[in-house]
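Chain residues, written in single-letter form:
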Amino acid sequence: MTGSPTYTVAGSVAQGMHIKGVTRRFGQVDALTGIDLAVREGELLTILGPSGSGKTTLLKVIAGFEQPDEGTVCLNELDITYMPPAKRDIGMVFQNYALFPHMTVAENIAFPLQMRKVPKAECASKVQEVLKLVDLPEFGDRLPKQLSGGQQQRVALARAVIFGPRLLLLDEPFGALDRKLREQMQLEVRRLQRRLGLTALFVTHDQEEALVLSDRIAVMNKGRIAQLGTPQEIYQSPVDRFVAGFIGESNLLHARADGGNEATMDDGTRVALPLDADTENRDIGILLRPERARYLKEGDQADTILDGTVIEIVYMGETTKYRLRTDTGVELIVRWPLGAVRHALAMHERVAIGWDRNDIHVIQWT
Ligand code: ATP
């Protein structure tokens, strides 16, 4: 997106949001249970979770379309839990664009300013500024149906930011776009959000999107926040099996720690544990990301080494994914760029793989 670098949105001091103890039940269903979450000023925080985990309900509580049974929502230290949606100064972008079909692009974008009784001339100049910001300077007179999906979503974004919202909510905004356009829009939203210093909450069930976009991610499961952290923390150090399985591809192997610096997998393989792992007697999960396993050539060393056979090959362009079965019957997925392997491996080829103790992450097995 291009536009004037000096652009600032009206009253644009972005503010943080604090949710405390938010619970929402629908009959027997606990959609949200004791949610505590703080979105820092100027931060883009993503709510990530599978279908039914409570993402939409949480967003509705924040936007004011649902009221919680318990708990509070504060924006800039102002308690907005029971404030009507229109009064909250929250900008929203949804998957289905929600543009007014009979209004031009410019009229759509001006709408929030008109609601706030901003004078016509000021409206017009702000609309032009925002149109430039979302890279649609010549599109003001068109109707939404004369725009592509990506362009409509930019209009929706322009309409959501023009009034200087205290919070920007984005609910699966790119779900309807094809992959390439989605990736482009993700970067554009990120740039716009940073440039305007907006506090933003992004909802998605797409873990790749969450990793690319976010300052921090809150992973939701069954109405609770399973983990809150940076994309790196969530990917590299998931707290439990749910988060490990939900984010990225992983090998999760059950093992028994016995107080030393190694653990025993179910097939009897001894695995060297990271030095900071809790090694008391207990069941643990060993998380090995497919890209952390190394292809071992003759004479290569590693803390843990396994021999096996290639049982599936998936060519993925920059990398190739191999499913291996070790000689002790464990199935593992590994993923290597072409240069990591001496030649493209063939089906049923024998391989030795290995990893060092700090290539794995240990989680609780509960
Ligand atoms: P999705 O990704 O499919 O939109 P979600 O993570 O947004 O899912 P929610 O829509 O928040 O999940 O739903 C959380 C739980 O609350 C689900 O079990 C859902 O069936 C239930 N639920 C949501 N809204 C209502 C409602 N109005 N009445 C009854 N149950 C509801």
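Look up: the structure comes first, before these words.
Values in this document were obtained by computation on a predicted structure and should not be read as measured data.

What counts and how
- Residues numbered from 1 in each chain as written.
- Predicted model: local features only at pLDDT ≥ 70, side-chain atom pairs only at ≥ 80, totals over all residues.
- Heavy atoms only, no water.
- Helix = DSSP H or I, 4+ residues; strand = E, 2+ residues; numbered from the N terminus.
- Expected span 1.5 Å × (residues − 1).
- Buried < 20%, exposed > 50% of the residue type's maximum accessible area, 1.4 Å probe, protein only.
- Arc of directions from axis to C-beta.
- Contact = heavy atoms within 4.5 Å.
- Phe/Tyr/Trp six-rings, centres within 6.5 Å; stacked < 30°, edge-to-face > 60°.
- Lys NZ or Arg CZ within 6 Å of the ring centre and 35° of its normal.
- Core = buried A, V, L, I, M, F, W, Y, C linked by side-chain atoms within 4.5 Å.
- Salt bridge = Lys/Arg side-chain N within 4 Å of Asp/Glu carboxyl O.
- Axes fitted to C-alpha atoms, helices over the stretch in contact; angles between N-to-C directions.
- Parallel < 35°, antiparallel > 145°, perpendicular 65-115°, else oblique.
- Left-handed = near helix turned anticlockwise from the far one by under 90°.

Asker: Go over helix 3 (residues 120-133), please, and point to the residues and values.
Answerer: Over its 14 residues, helix 3 extends 20 Å from the first C-alpha to the last, a length consistent with the 20 Å expected when each residue adds 1.5 Å. Where helix 3 is concerned, the buried positions are Cys123, Lys126, Val127, Val130, Leu131 and Leu133. All buried residues of helix 3 fall inside an arc of 150° around its axis, so they share one side. On its buried side, helix 3 packs onto helix 2 (105-115), helix 4 (149-161) and helix 5 (179-196).

Asker: Any chance you could break down the packing of aromatic side chains for me, citing the residues and the numbers?
Answerer: For the coordinates displayed, the defined rule picks out 5 aromatic pairs. Taken together, a centroid distance of 6.0 Å and an interplanar angle of 45° make the contact between Phe174 and Phe202 tilted. Residue Phe174 is located in the loop between strand 7 (167-171) and helix 5, and its partner Phe202 is located in strand 8 (residues 200-204); the two are separated by 28 residues in the primary sequence. Judged by relative accessible area, Phe202 falls into the buried class, the value being 0%. Their ring planes at 75° and their centres at 5.7 Å tell us that Tyr295 and Trp336 sit as a pair that is edge-to-face. With a gap of 41 residues between them, Tyr295 in strand 15 (residues 294-295) and Trp336 in strand 18 (residues 331-337) connect regions that are remote in the sequence. Residue Tyr295 shares its accessibility class with Trp336, and that shared class is buried. Here a set of aromatic residues connected by ring pairs shows up, and it is made of Tyr295, Tyr322 and Trp336. One Lys or Arg, Arg116, reaches over the ring of Phe163 and ends 3.9 Å from the middle of that ring.

Asker: Pulling in residues and values, what's your account of the nonpolar core?
Answerer: Of all hydrophobic cores here, the largest spans 36 residues; its most connected members are Ile109 and Leu168. At the level of elements, helix 2, helix 3, helix 4, strand 7, helix 5 and strand 8 are the ones that each hand at least two residues to this core. It is helix 4 that provides the largest number of residues to this core, a total of 6 residues. Not counting residues up to four positions away in its chain, the partners in contact with Leu168 are Gly91, Val93, Leu157, Ala160, Val161, Leu198, Thr199, Ala200 and Leu201. Counting residues in hydrophobic clusters, the runner-up holds 28 residues, among them Leu306, Tyr322, Leu324 and Leu345.

Asker: Any details on the pattern of salt bridges? Residues and values, ideally.
Answerer: Evaluation of the coordinates by the stated rule reveals 23 salt bridges. Two residues, Arg25 and Glu70, come together in a salt bridge whose shortest N-O distance is 3.0 Å. Here Arg25, found in strand 1 (residues 17-26), pairs with Glu70, found in strand 4 (residues 70-75); they are 45 residues apart in sequence, far enough to count as distant. On the accessibility criterion, Arg25 (37% relative accessible area) is partly exposed. Note that Glu312 is salt-bridged to Arg323, the shortest N-O span being 3.6 Å. Here the residue Glu312 occupies a position in strand 16 (residues 304-315), and Arg323 occupies one in strand 17 (residues 319-326), the gap between them amounting to 11 residues. Overall, Glu312 belongs to the partly exposed group, its relative accessible area being 36%. Overall, the relative accessible area of 29% leaves Arg323 in the partly exposed class. Connected through salt bridges with shared partners, the residues Glu312, Arg323, Arg325 and Glu331 form a single ionic network.

Asker: Describe the packing of helix 4 against helix 5, listing the residues and the values that go with them.
Answerer: Interaxial distance between helix 4 and helix 5 falls to 11 Å at its minimum, and their mutual angle equals 15°. Relative to helix 5, helix 4 is oriented roughly parallel. Crossing of helix 4 against helix 5: the hand is right-handed. Facing helix 4, whose interface residues are Gly150, Gln153, Arg154, Leu157 and Val161, helix 5 presents Leu181, Gln184, Met185, Glu188, Val189, Leu192 and Leu196.

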